[in-house]
Amino acid sequence: MSKVYKLLATICASATVFCAPAPSAHGDVTVVPGAGATIVASSVTNGTDGVIVAILAYGSPAGTVYVYADDPTDRIEGIVVQPQEHPPFTASQLSINLIVQPKPDTDGQIKYLGSIIRDGDDGDLWIGQVNVQGDIGKSTAPHATILEAQVVGSVTAVGSIASDIVSLGSTQASGSITRIEASNGSILGDVVLVQGLIDTVMASSASATADIGSPSDAVYILSKFAIKRIEAKNSIYANIDATYNGGSASSDILYIKTTLGSLNGSVKGLSIGGAGAPNGLEVATDLNASISLSGAIRDPVTI
């Protein structure tokens, strides 16, 4: 029995929790179908550190499902999504695009998000957008939670991001990670792309302590194809590899920048820099990273 079926069977047996095909809600977190999606069953129930959301849904063949928060103190411990095969579409055609955000026209905020995972193998989970007004994962326990899907779009937190973020790719899509941004904290989780390209990983806080990784725990930022941009307000402690999983002919790293601090760990790719802007390597203080390139340094290195 799958994780989602087990959750639904256990949760919906309780008379204190509301479960329905769609929408479902508990407290101030709501599951709502969007374009192309049919929710077969869903539940929202209290966990130990926020609510747990379980969703069983299918697309036609693609569909969007929204998880909304409409209270200013909402916390989500985890979201488990099982795409369901639905004729005439096969599992290799079906996908659910998940959007997690405050409910429009409310004062809702997501103050904490732990994990998002797919269950089963009857279709893809695409994390289209995650918009959290607090932390994703706990900075006191990096890597203990995970956001994992075939495709990852925009994941932003007005706080730190300590959950690992993984894009697996599939037969439908090569995989991608569009934007990972901590706008008022550090990025303390790994960012891993099994197939495809990482666009942006950024700790953009105005705080001078906004890092990517930490001195005691260098994160991994890994991509099979290319990495366009990695930027931290302070320092970067990371093992950066654009040739992960065998690499490709386009495994370049276009831009790495520290505004105030140092670059530590390792950097591996075909080349640094390339077409477009920004590009190159800009390190405000010390370069304490090994750099391994099989190609060229195409743009300025500033230290």
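No experiment lies behind these values; they were computed from the predicted model shown.

1. Here's the deal with the pairing of strand β20 (residues 236–241)
Thought 1: The element β20 is extensively covered by neighbouring structure, given that five of its six residues are classed as buried.
Thought 2: One ladder, built from four bridges, connects strand β18 (residues 219–223) with β20; its direction is parallel. Along β20, the bridge assignment pairs leucine 222 with aspartate 241.
Thought 3: Inspection of the sheet shows β20 paired to strand β22 (residues 263–269) by six bridges, in the parallel sense. When the sheet's bridge partners are listed, aspartate 241 is paired in β22 with lysine 268.

2. A word on the pairing of strand β10 (residues 124–132)
Thought 1: Across six bridges, the pairing between strand β8 (residues 95–102) and β10 is parallel. The residue of β10 that forms the bridge with isoleucine 99 is glutamine 129.
Thought 2: As defined by bridge partners, β10 adjoins strand β13 (residues 151–157) across six bridges and the pair is classed as parallel. Bridged to asparagine 131 within β13 is threonine 156.

3. Re the packing of aromatic side chains
Thought 1: Scanning the model with the defined rule gives one aromatic pair in all.
Thought 2: Here the aromatic rings of tyrosine 66 and tyrosine 68 are separated by 5.3 Å at their centres, their planes lie at 20°, and the arrangement is stacked.
Thought 3: When the ring centre of tyrosine 112 is taken as origin, the NZ or CZ atom of lysine 138, which lies over that ring, is 5.8 Å away.

4. So, the pattern of salt bridges
Thought 1: Under the counting rule described, the total for this entry stands at five salt bridges.
Thought 2: Salt-bridge contacts for glutamate 181 lead to arginine 179; the nearest nitrogen and oxygen are separated by 2.8 Å.
Thought 3: Where aspartate 199 meets lysine 228, a salt bridge forms, and the shortest distance between an N and an O atom there is 3.8 Å. In this pair, aspartate 199 sits in strand β17 (residues 197–203) while lysine 228 sits in strand β19 (residues 227–232), placing the two residues 29 residues apart along the sequence.
Thought 4: Through salt bridges that share partners, Asp49, Arg75 and Lys138 make up one connected network.

5. Regarding the side chain of serine 95
Thought 1: Looking at the secondary structure, you find serine 95 in strand β8.
Thought 2: A residue is classified by how much of its surface remains accessible, and serine 95, at 7% relative accessible area, is buried.
Thought 3: If near-sequence neighbours (up to four positions away) are discounted, serine 95 is found in contact with Gly59, Pro61, Ala62, Gly63, Asp124, Trp126 and Gln172.

6. Looking at a nonpolar patch on the surface
Thought 1: On the surface, a nonpolar cluster with roughly 270 Å² of combined accessible area is contributed by Ile297, Val301 and Ile303.
Thought 2: Within the fold, isoleucine 303 resides in the segment after β25 (301–302).
Thought 3: A relative accessible area of 55% means that isoleucine 303 is categorised as exposed.

7. Let's talk about unusual backbone geometry
Thought 1: For the peptide bond that leads from serine 60 to proline 61, omega is -10°, which places it in the cis range.
Thought 2: The phi dihedral of aspartate 105 falls on the positive side, at around 65°, and the residue is not glycine.
Thought 3: Within the secondary structure layout, aspartate 105 lies in the loop between β8 and β9 (110–118).
Thought 4: Aspartate 105 sits in the exposed class, given a relative accessible area of 86%.
Thought 5: For histidine 143, which is not glycine, the phi dihedral falls at a positive 75°.

8. Some points on the nonpolar core
Thought 1: The biggest cluster of nonpolar side chains holds 61 residues, and the ones touching the most others in it are Ile79 and Ile221.
Thought 2: Apart from the residues lying within four places of it in its own chain, the contact partners of isoleucine 79 are Val53, Ile55, Val67, Leu98, Val100, Leu113, Ser115, Ile116 and Ile117.

9. Regarding the confidence of the model for the chain
Thought 1: Chain-level statistics for the chain give a pLDDT mean of 89 and a share of 90% at 70 or above.
Thought 2: For the stretch residues 14–18, pLDDT sits under 50, and the model shows seven contacts to residues farther than four places along the chain or on other chains.
Thought 3: Note on residues 20–25: pLDDT is under 50 here. Beyond four places in sequence and across chains, it has 22 contacts.

10. Let's talk about the side chain of asparagine 264
Thought 1: Here asparagine 264 is to be found in strand β22.
Thought 2: Side chain to side chain, asparagine 264 and asparagine 288 meet in a polar contact 3.0 Å long.
Thought 3: Asparagine 264 has contacts with Ser235, Ile236, Tyr237, Ala238, Asn288 and Ala289, leaving out every residue within four places of it along the chain.

11. Structural notes on the environment of alanine 242
Thought 1: As for its placement among the helices and strands, alanine 242 is situated in the loop between β20 and β21 (255–258).
Thought 2: In the structure, alanine 242 is positioned 14 residues away from lysine 228 in sequence and 9.7 Å away in space, judged by C-alpha atoms.
Thought 3: Ignoring anything within four residues of it in the chain, the contact list for alanine 242 reads Ser223, Lys224, Phe225, Ala226, Ile227, Ser251, Asp252, Ile253, Lys268 and Gly269.

Criteria and cut-off values
Residues numbered from 1 in each chain as written. Predicted model: local features only at pLDDT ≥ 70, side-chain atom pairs only at ≥ 80, totals over all residues. Heavy atoms only, no water. Buried < 20%, exposed > 50% of the residue type's maximum accessible area, 1.4 Å probe, protein only. Helix = DSSP H or I, 4+ residues; strand = E, 2+ residues; numbered from the N terminus. Pairing = 2+ DSSP bridges. Phe/Tyr/Trp six-rings, centres within 6.5 Å; stacked < 30°, edge-to-face > 60°. Lys NZ or Arg CZ within 6 Å of the ring centre and 35° of its normal. Salt bridge = Lys/Arg side-chain N within 4 Å of Asp/Glu carboxyl O. Contact = heavy atoms within 4.5 Å. Patch = residues over 30% accessible without salt bridge, like charges linked within 9 Å, V, L, I, M, F, W, Y side chains within 5 Å. Areas by Shrake-Rupley, 256 points an atom, 1.4 Å probe, with all protein chains shown as cover. Core = buried A, V, L, I, M, F, W, Y, C linked by side-chain atoms within 4.5 Å. pLDDT = per-residue confidence, 0-100. Polar contact = N/O pair within 3.5 Å; in protein donor to acceptor, adjacent residues only side chain to side chain.

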